[in-house]
Amino acid sequence: MAIAARKTKAGAPAKAAGKAPAKSAPKGAAKALSNVPTFTKEEELHAYREMLLIRRFEEKAGQMYGMGLIGGFCHLYIGQEAVVIGMQMASKDGDQVITGYRDHGHMLACGMESRGVMAELTGRRGGYSHGKGGSMHMFSREKNFYGGHGIVGAQVSLGAGLGFANWYRQDGRVSMAYFGDGAANQGQVYESFNMAQLWKLPVVFVIENNRYAMGTSVNRASAQTDFSKRGVSFGIPGEQVDGMDVRAVREAASRAIEHARSGKGPYILEMQTYRYRGHSMSDPAKYRSKDEVQRMREEHDPIEQVRGRLTREHKLGEDEFKAIDAKVREIVNDAAEFATHDPEPDASELYTDILLEPAQA
Amino acid sequence: MPIDILMPALSPTMEQGKLAKWLKAEGDKIKAGDIIAEIETDKATMEVEAVDEGVLAKILIADGTENVAVNTPIAVIAADGEDVSAAASGGAKAAPAPQAAEVPPPAEMPASPAPAAAASVPAQAKSYDASSEFPAGAEVVSMTVREALRDAMAEEMRRDADVFVMGEEVAEYQGAYKVTQGLLQEFGARRVIDTPITEHGFAGIGVGAALTGLRPIVEFMTFNFAMQAIDHIINSAAKTLYMSGGQMGCPIVFRGPNGAAARVGAQHSHDYAAWYSNVPGLKVVMPYSASDAKGLLKSAIRDPNPVIFLENEILYGRSFDVPKGDDFLIPIGKAKVVRPGSDVTIVSFGIGMTYALGAAEALAKEGIEAEVIDLRTIRPMDIETVIASVQKTNRCVAVEEGFPQSGVTAEIGMKIMEAAFDYLDAPVARVTGKDVPMPYAANLEKLALPNIGEVVAAAKAVCYRA
Ligand SMILES: Cc1ncc(C[n+]2csc(CCOP(=O)(O)OP(=O)(O)O)c2C)c(N)n1
Ligand SMILES: [Mg+2]
């Protein structure tokens, strides 16, 4: 594996990885990039810290999986960090988030505790679901995070339902439903698009197009690979966004969320992104070239882009980066430590949380 | 301190794998996140990523080595500036020990703490006393099941602004079976919502709304079409409370006609009672009378859990006495002895009650007094009321319109065997729909459904009477 020394040039237009068919090159991204908004130093720092936390958390999860501490399915978000962080930077308190099984990053971005997330991954009582949900099934009512769903596409209808509740209550909230390029081919997605637009529900559909659904590339599964157009027949506006550039994400997210919040109905954002790791931990890795992965990492990494700008434009020094890094590592190591030593749920938990007691009439 | 890198596992079942390739050489600087090696099993390939910064001090397992056991040290990393050669001679174990050592082996696992189904019925079972449901001297009105259901929804919508109805043709058309008649006029289009024909989607929207605390009543034009929505009913509604460790309740009612109507063929005649009753996290209600329909639907709407409310098109037009007033509730999970008797217990629910009651009348003429129980709720099942009856009659016939295999009556029979085997003077008998897709032809459809004669014959058989 040849390691190119090239680093991302901040502000340089994101290019599609070499191996990817031209069709999936981020056309929209180029448009968006012509007026890429700038971030203040504080915003850059915020995005950097938040994305780094997800990156380090996921790396740690991968290692803990390797050590047998985490079981079953475990889908890492590495490479896609800018999507959820940029979206969260544009959302307000009270807005809801719902996603599929690749959910660790979303939870951290919603402000859920690393300890609780990691302990759920290890199936311990201190996990968000007390060890009964696992990697794919965590929730936080407090943080308005509605899961964590293992059925591809289900979160789209459920997310429209969150938007429905906001519409019903007229409470000014917006729901953000994240799903993959693969999920975008599910029938219920279009059922939900239809109703969301028909009833003008405040929901933003965020399609995280990471180019693959397990081992199937977008081109092998999708007749229309421009996912921003998937709402055209319902009249839902859509945009393609360079999902590796947190600034572009935040900018598009602001537009979409404002559209939804102001009562104009749903909005579709196709986030052009990339997952560096396998689909889940066990992945044959035969469906794409190493070169393709390597190029994305080197030329488009969302975190390196911010780091580059912080260095050049905001003159952040090595020591300051080291300090941020140390803080993030401390959080992640603490979470791992907690998740390793927290006890498993008590056996009596087997039969709890199946039904709620009705209130006494 | 130097750190060992251990052979990782690709899955919890992996015990060993091949160290396919080193991507870094001894002496290389390593950053966290760098891919340093590739490992393979017959199923998958995985890249080994560095956790820590430092220098790859020593490779302990060479490229191409097969059958490397999980957790074997494969390399040593020295911290930046550390003496590499010293580090190479041995590292500290990286991070925590593998879980395998901490979890008790299966043999030590405690037995499941919940009592088995049978043990939950006391040795001397007590029948649920339904007499208090109709307060003595309560004023009653005669109404159809259809009207009772409509009143239940209207009353609960008046009581709680979070309750709304959605489904196909529920609003302007007034309901495909006129169950939602008048609701649009009273509650408006925000709370009585016509959906497109899109069961999967609107079931999901209903569940999503319920997760935020709203109380949707989702009407399926018939439960046959809920097959398109069953993923949300089961995977999203029934399981989320458990998977969220008790955080995310889902107060939703899925209702609509279920089972055979008349001459509508196999795709419009399926009885799903057994399907939904199989799923923990759901409550399943299937009323027969108008008063039960009303009282149970009101309880279902107030219930904090997902409730499957199975109605029947043929019963919609039947009239029964219903107590007046808008606080008439029937508890979910309680059966009702609708006809006392001493010779044989006949248990059924929903439209099955027409066969059970008809048979009891016919049997009485022949001197057999049947005790007839209406289960009303399929899940949680009030088996104690059934057992109390069987302890008295020592014989039981269970009746349903659904298919025989893995049916509700199969479950009733099994539960009786678990809890009251010693009381039985004859094996439990069942009368069910026949094991065929519902035919269209009038004569065949009749044959496919249970009938009073079959129940009478089964009752006589368990009483050893010709
Ligand atoms: C209904 C359903 N079908 C199949 C699967 C198995 N499955 C899990 S993830 C996945 C691929 C989804 O890819 P995509 O939507 O692009 O999301 P990504 O994994 O790339 O984030 C499949 C087929 C499932 N979980 N649910
Ligand atoms: Mg994908």
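Just so we're clear, the structure is a prediction, and the values are computed from it rather than from any experiment.

Asker: What exactly am I supposed to notice about the side chain of Lys 460 of chain B here?
Answerer: All names here are of chain B. Position of Lys 460 relative to the elements: it lies in helix α14 (residues 452-462). Take Lys 460: its relative accessible area is 15%, and that puts it in the buried class. In contact with Lys 460, not counting residues within four places along its chain, are Leu 363, Glu 366, Ile 368, Arg 465 and Ala 466.

Asker: Explain the sheet that holds strand β5 (residues 45-49) of chain B to me, please; I cannot follow it from the model alone.
Answerer: All names here are of chain B. Taken in spatial order, the four strands make up an open sheet running β5-β4-β2-β7, and their pairing is antiparallel. With one partner strand each, in any of the chains shown, β5 and β7 (65-69) form the two edges of the open sheet. Direction aside, the axes of adjacent strands within the sheet are offset by 40 degrees on average. Of the pairings in the sheet, the one linking strand β2 (residues 16-22) to strand β4 (residues 35-40) comprises four bridges and is antiparallel in character.

Asker: Before we go on, may I ask you to explain the sheet that holds strand β21 (residues 396-399) of chain B in this structure?
Answerer: By way of backbone hydrogen bonds, the strands of a sheet pair with one another, either parallel or antiparallel. Residues and elements named next belong to chain B. The strand order across the open sheet formed by five strands is β17-β19-β18-β21-β22, and the pairing between neighbours is mixed. Strands at the two margins of the open sheet, each flanked by one partner only, are β17 (336-339) and β22 (429-431). Geometrically, the sheet is characterised by an average inter-axis angle of 25 degrees between neighbouring strands, direction not taken into account. Summarising the sheet, β17 and strand β19 (residues 370-374) pair through three bridges and their orientation is antiparallel. The residue bridging Lys 336 from the neighbouring strand is Asp 374, located in β19. Of the strands in this sheet, β18 (344-348), β21 and β22 are in contact with helix α12 (residues 408-420), which crosses β21 at around 155 degrees. Docked against the sheet, α14 engages β18, β21 and β22, running at close to 155 degrees with respect to β21.

Asker: Would you mind showing me how to read the packing of helix α2 (residues 145-159) of chain B against helix α8 (residues 290-302) of chain B here?
Answerer: Each pair of packed helices gets described by two things: the angle between the helix axes and the distance between those axes. All names here are of chain B. Axis separation between α2 and α8 bottoms out at 8 Å; the angle between their running directions is 30 degrees. The orientation of α2 relative to α8 falls into the category roughly parallel. Classified by chirality, the crossing of α8 by α2 is right-handed. Note on element contacts: α8 touches α2 through Ala 290, Ala 293, Lys 294, Leu 297, Lys 298, Ile 301 and Arg 302, opposite Val 145, Ala 148, Leu 149, Asp 151, Ala 152, Met 153, Glu 155, Glu 156 and Arg 159. Looking at the contact of α2 with α8 residue by residue, the class counts come to nine nonpolar, no polar and seven charged.

Asker: How should the interface of chain B and chain A be read in this particular structure?
Answerer: Taken together, the contacts link 83 residues of chain B with 69 residues of chain A. Summed over both sides, the interface between chain B and chain A buries roughly 6300 Å², with carbon and sulfur atoms accounting for 60% of that surface. At the boundary of chain B with chain A, the tally comes to one salt bridge. Here Lys 290 of chain A ties to Glu 38 of chain B by a salt bridge, and the two come within 3.1 Å at their closest N and O atoms. Connecting chain B to chain A are 21 residue pairs in polar contact (both at pLDDT 80 or more). Within the residue set of the side of chain B that touches chain A, elements represented by two or more residues are β4, β5, β10 (163-167), β11 (192-194), α4 (199-211), α5 (230-238) and α6 (240-243) of chain B. Among the elements that line the side of chain B that touches chain A, the one with the most residues is α4 of chain B, at 10 residues. Classifying every residue of the side of chain B that touches chain A gives 43 nonpolar, 25 polar and 15 charged.

Asker: Can you walk me through the packing of helix α2 (residues 41-66) of chain A against helix α5 (residues 114-121) of chain A in this structure?
Answerer: All names here are of chain A. Their axes nearest at 11 Å, the elements α2 and α5 cross at an angle of 25 degrees. Looking at the two axes, α2 sits roughly parallel to α5. For the pair α2 and α5, the sense of crossing is right-handed. Here Leu 53, Phe 57, Lys 60, Ala 61 and Met 64 of α2 come into contact with α5, specifically with Ser 114, Val 117, Met 118 and Leu 121.

Asker: Teacher, can you tell me more about the coordination of the magnesium ion (ligand 2) here?
Answerer: Each angle at a metal carrying four tetrahedral donors should ideally be 109.5 degrees, and each at a metal carrying six octahedral donors should ideally be 90 or 180 degrees. Residue and element names in this part refer to chain A. Taken together, Asp 181 (OD), Asn 210 (OD1) and Tyr 212 (O) make up the full set of protein donors to the magnesium ion (ligand 2), lying 2.1 to 2.2 Å away. The sequence pattern describing where the donors of the magnesium ion (ligand 2) fall on their chain is D-x28-N-x1-Y. You can see Asp 181 sitting in the loop between β2 (175-180) and α7 (187-198) and its partner Asn 210 sitting in the loop between β3 (203-209) and β4 (212-213), a full 29 residues away along the chain. The residues Asp 181 and Asn 210 share a single accessibility class, namely buried.

Asker: Which parts of the structure should I look at to understand the site of ligand 1?
Answerer: All names here are of chain A. Ligand 1 sits among 15 residues. The nearest are Tyr 101, Arg 102, Gly 182, Ala 183 and Asn 210. At 2.6 Å from an oxygen atom of ligand 1 is found a side-chain nitrogen or oxygen belonging to Tyr 101. A distance of 2.8 Å separates an oxygen atom of ligand 1 from a polar atom in the backbone of Ala 183. When ligand 1 sits alone it has 590 Å² of accessible area, and the protein chains cover 71% of it.

Asker: Can you help me understand the side chain of Asp 181 of chain A in this one?
Answerer: Residue and element names in this part refer to chain A. Although Asp 181 is buried, it forms no salt bridge, and the closest oppositely charged side chain is Arg 275 at an N-O distance of 7.4 Å. For Asp 181, the side chain forms a polar contact with the main-chain nitrogen of Asn 210, separated by 3.2 Å. Once you skip the residues sitting within four places of it in the chain, Asp 181 turns out to touch Ile 207, Glu 208, Asn 209, Asn 210, Arg 211, Tyr 212, Ala 213, Val 218, Ser 222 and Phe 227.

Asker: Would you mind showing me how to read the domain arrangement of chain B here?
Answerer: By a widely used convention, the size of an interface equals the accessible area lost when the partners come together. Residues and elements named next belong to chain B. Domain annotation of chain B identifies domain 1 (3-100), domain 2 (140-323) and domain 3 (336-462). When each unit is reduced to the centre of its C-alpha atoms, the spacing between domain 2 and domain 3 is 26 Å. Between domain 2 and domain 3, the residue contacts involve 29 residues of the former and 26 residues of the latter. Looking only at domain 2, the three residues that lose the most surface to domain 3 are Arg 263, Met 286 and Tyr 288, adding up to 31% of its buried area.

Asker: Looking at this model, I keep getting lost on the confidence of the model for chain A. Mind explaining?
Answerer: When pLDDT is low, close inspection of the predicted coordinates is not appropriate. On average, chain A scores 91 in pLDDT, and the residues at 70 or more come to 90%. Taken as a whole, residues 1-33 of chain A scores under 50 in pLDDT and shows 55 contacts with residues more than four places along the chain or in a different chain.

Asker: For this particular structure, what's the right way to read the environment of Lys 298 of chain B?
Answerer: Residues and elements named next belong to chain B. Structurally, Lys 298 can be placed in helix α8. Among the residues examined, Lys 298 registers a relative accessible area of 0% and is labelled buried. Once the C-alpha coordinates of Lys 298 and Ser 342 are considered, the two residues, 44 residues apart in sequence, prove to be 33 Å apart. With near-sequence residues (within four places) excluded, Lys 298 lies in contact with Ala 152, Glu 155, Glu 156, Asp 326, Phe 328 and Leu 329.

Asker: Can you help me understand the packing of aromatic side chains in this one?
Answerer: Each aromatic ring pair is specified by the distance between its two centres and by the angle formed by the two planes. One pass over the full model with this rule turns up 22 aromatic pairs over all chains. Aromatic pair Phe 179 of chain A and Phe 205 of chain A: ring centres 6.4 Å apart, planes at 75 degrees, arrangement edge-to-face. Here Phe 179 of chain A, found in strand β2, pairs with Phe 205 of chain A, found in strand β3; they are 26 residues apart in sequence, far enough to count as distant. Overall, the relative accessible area of 0% leaves Phe 205 of chain A in the buried class. Seen in terms of ring centroids, Phe 193 of chain A and Phe 205 of chain A are 4.7 Å apart; in terms of plane orientation they differ by 55 degrees. Their pairing is tilted. With Phe 193 of chain A in helix α7 and Phe 205 of chain A in strand β3, this residue pair connects regions lying 12 residues apart in the sequence. An identical accessibility class is assigned to Phe 193 of chain A and Phe 205 of chain A; each is buried. In this structure an aromatic cluster arises from ring pairing among Phe 202, Phe 220, Phe 223, Phe 254, Tyr 272, Trp 275 and Tyr 276 of chain B. The ring centre of Phe 321 of chain A lies 4.1 Å from the NZ or CZ of Arg 307 of chain A, which sits over that ring.

Asker: Would you mind showing me how to read the nonpolar core here?
Answerer: Within soluble globular proteins, side chains that are nonpolar generally end up buried alongside one another. Ile 85, Met 87, Val 204, Val 246 and Leu 269 of chain A are the most contacted members of the largest nonpolar core, which totals 98 residues. Of all the elements, α2 of chain A adds the most residues to this core, at 11 residues. In terms of nonpolar packing, the next biggest core, distinct from the first, is built from 85 residues, Phe 254, Ile 308, Ile 387 and Ile 416 of chain B among them.

Asker: Could you clarify how one ought to interpret helix α11 (residues 302-312) of chain A in this entry?
Answerer: Note: α-helices contain 3.6 residues per turn, so residues at a spacing of three or four share the same orientation. Residue and element names in this part refer to chain A. Within α11, the full set of buried residues consists of Pro 302, Ile 303, Gln 305, Val 306, Gly 308, Arg 309 and Leu 310. The elements touched by buried residues of α11 are α2, α3 (81-90), α9 (246-261), α10 (290-300) and α12 (318-341). Where α11 begins, the side chain of Asp 301 points an oxygen toward the backbone nitrogen of Ile 303, at a separation of 3.1 Å.

Cut-offs applied
- Residue positions are counted from 1 within each chain, in the order its sequence is given.
- Chains and ligands are labelled sequentially in the order written, the chains with letters from A and the ligands with numbers from 1.
- Totals for whole chains, interfaces and linings use every residue, but because this is a predicted model, local features are given only for residues with pLDDT of at least 70 and side-chain atom pairs only at 80 or more, for both listing and counting.
- Computation of side-chain values covers all heavy atoms of the structure but excludes hydrogens and water.
- Secondary structure elements follow DSSP: runs of H or I no shorter than four residues count as helices, runs of E no shorter than two count as strands, and numbering proceeds from the N terminus.
- Under the scheme applied here, a residue whose accessible area is under 20% of the maximum for its type counts as buried, over 50% as exposed, and between as partly exposed, the area being computed with a 1.4 Å probe on protein chains only.
- Note on contacts: a residue pair is in contact if any heavy atoms of the two residues lie within 4.5 Å.
- Strand pairing is assigned whenever DSSP detects at least two bridges linking the two strands.
- To obtain an axis, a line is fitted to C-alpha atoms, over the contacting stretch when the element is a helix, and the angle between two such axes runs from 0 to 180 degrees between their N-to-C directions.
- The labels follow the angle: roughly parallel below 35 degrees, roughly antiparallel above 145, roughly perpendicular from 65 to 115, and oblique for the rest.
- Crossing handedness follows the turn of the near helix against the far one: under a right angle anticlockwise gives a left-handed crossing, and clockwise gives a right-handed one.
- Throughout this entry, Asp, Glu, Lys and Arg are counted as charged residues, while Ala, Val, Leu, Ile, Met, Phe, Trp, Tyr, Cys and Pro are counted as nonpolar. The remaining residues, Gly among them, count as polar.
- Buried area is understood as the total, over both parts, of accessible area removed when two parts are fitted together, assessed with a 1.4 Å probe.
- Each reported salt bridge corresponds to a side-chain nitrogen of Lys or Arg within 4 Å of a carboxyl oxygen of Asp or Glu.
- Under the rule applied, a polar contact is a pair of N or O atoms within 3.5 Å (in protein, one hydrogen donor and one hydrogen acceptor; residues adjacent in sequence only if both atoms are side-chain atoms).
- Sites may look incomplete because water is not among the atoms; the donors themselves are N, O and S atoms within 2.8 Å of the metal, or within 3.2 Å for Na, K and Ca.
- Whether a residue is near a molecule or strand depends on its heavy atoms: if one lies within 4 Å, it is near.
- For accessible areas, the Shrake-Rupley method is used with a probe of radius 1.4 Å. Any residue's cover is judged against the shown protein chains and nothing else.
- The charged-residue count follows a simple rule in which Lys and Arg add positive charge and Asp and Glu add negative charge, with His and chain termini not counted at all.
- Throughout the structure description, domain borders are defined by an automatic or database domain assignment.
- Predictor confidence is given residue by residue as pLDDT, running from a minimum of 0 to a maximum of 100.
- Two aromatic rings from Phe, Tyr or Trp, using only the six-membered ring of Trp, form a pair when their centres are within 6.5 Å; if the ring planes differ by under 30 degrees the pair is stacked, by over 60 it is edge-to-face, and anything between is tilted.
- Definition used: whenever NZ (Lys) or CZ (Arg) falls within 6 Å of the ring centre and also within 35 degrees of the ring normal, the charge is taken to sit over that ring.
- Buried Ala, Val, Leu, Ile, Met, Phe, Trp, Tyr and Cys residues that are joined via side-chain atoms within 4.5 Å together make up what is termed a nonpolar core.

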